[in-house]
Amino acid sequence: MAGRNLVGPEVDAFELGVVLRALADEHRRSVMTELAADHTDGERGCNSFALPISKQTQTHHFRVLREAGLIDEIDYGNRKGVRLRRADVESRFPGLLALLEAEHRDGTAPH
């Protein structure tokens, strides 16, 4: 079943302040460190992240990441998938994903 892609901003509309506010939250940064470390860039289910928060709060966090331009969300009706916008993030903020990956690798990512 094909999903509906929930679109964030175009790459040239990414705003540094919006991205930094999105990454300031420990749960959203945890999601981003996992995605940055996974170079397959495959789609993941929203519930595949070990977030100790309610589903409603998870929905909010994924929306913030999408609106910042960091991820794409795919709505399948009864579930959602997420995918890192690696090329777009790298082109707009070179090195940001490497910092997030290092945080994940070094075990300093928030849990």
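The structure we're discussing is the one just above.
Okay, so let's go over this structure. (Residues numbered from 1 in each chain as written. Predicted model: local features only at pLDDT ≥ 70, side-chain atom pairs only at ≥ 80, totals over all residues. Heavy atoms only, no water.)

### Re the overall build of the protein
Next, step 1: Helix and strand counts for the protein come out as 5 helices and 4 strands.
Next, step 2: Helices and strands in the protein line up, N terminus first, as β-α-α-β-α-β-β-α-α.
Next, step 3: Taking 2.2 N^0.38 as the reference for a compact globule, 111 residues should give roughly 13 Å; the C-alpha atoms of the protein span a radius of gyration of 13 Å, in line with that estimate.
Next, step 4: Oriented by its inertia axes, the alpha-carbon framework of the protein measures out at about 35 × 30 × 25 Å.
Next, step 5: Here the protein holds 111 residues, and the buried ones make up 43% of them.
Next, step 6: If you take every contact in the protein between residues at least 6 apart in sequence, the share linking residues at least 24 apart comes to 67%.
Next, step 7: As displayed, the protein offers around 6,100 Å² of accessible surface, 51% of which is attributable to carbon and sulfur atoms.
Next, step 8: The averaged location of the 18 negative side-chain charges in the protein is 4 Å from the averaged location of its 15 positive side-chain charges. (Helix = DSSP H or I, 4+ residues; strand = E, 2+ residues; numbered from the N terminus. Rg over C-alpha atoms; globule rule 2.2 N^0.38 Å. Buried < 20%, exposed > 50% of the residue type's maximum accessible area, 1.4 Å probe, protein only. Contact = heavy atoms within 4.5 Å. Areas by Shrake-Rupley, 256 points an atom, 1.4 Å probe, with all protein chains shown as cover. Lys, Arg positive; Asp, Glu negative; His and termini not counted. Charge placed at Lys NZ, Arg CZ, Asp CG, Glu CD.)

### Quick look at the sheet that holds strand β3 (residues 71–75)
Next, step 1: Sheet architecture is open: 4 strands sit in the order β1-β3-β4-β2, paired in antiparallel fashion. Only two strands of the sheet have a single partner each, and these edge strands are β1 (4–6) and β2 (44–45).
Next, step 2: Alignment of β3 against strand β4 (residues 80–84), held across 5 bridges, turns out to be antiparallel. In the sheet register, Asp 72 faces β4, and the bridge partner there is Arg 83.
Next, step 3: With respect to the sheet, helix α3 (residues 55–68) is in contact with β1, β3 and β4, its orientation differing from that of β3 by roughly 125°. (Pairing = 2+ DSSP bridges. Axes fitted to C-alpha atoms, helices over the stretch in contact; angles between N-to-C directions.)

That's the geometry; what it means functionally is another story.
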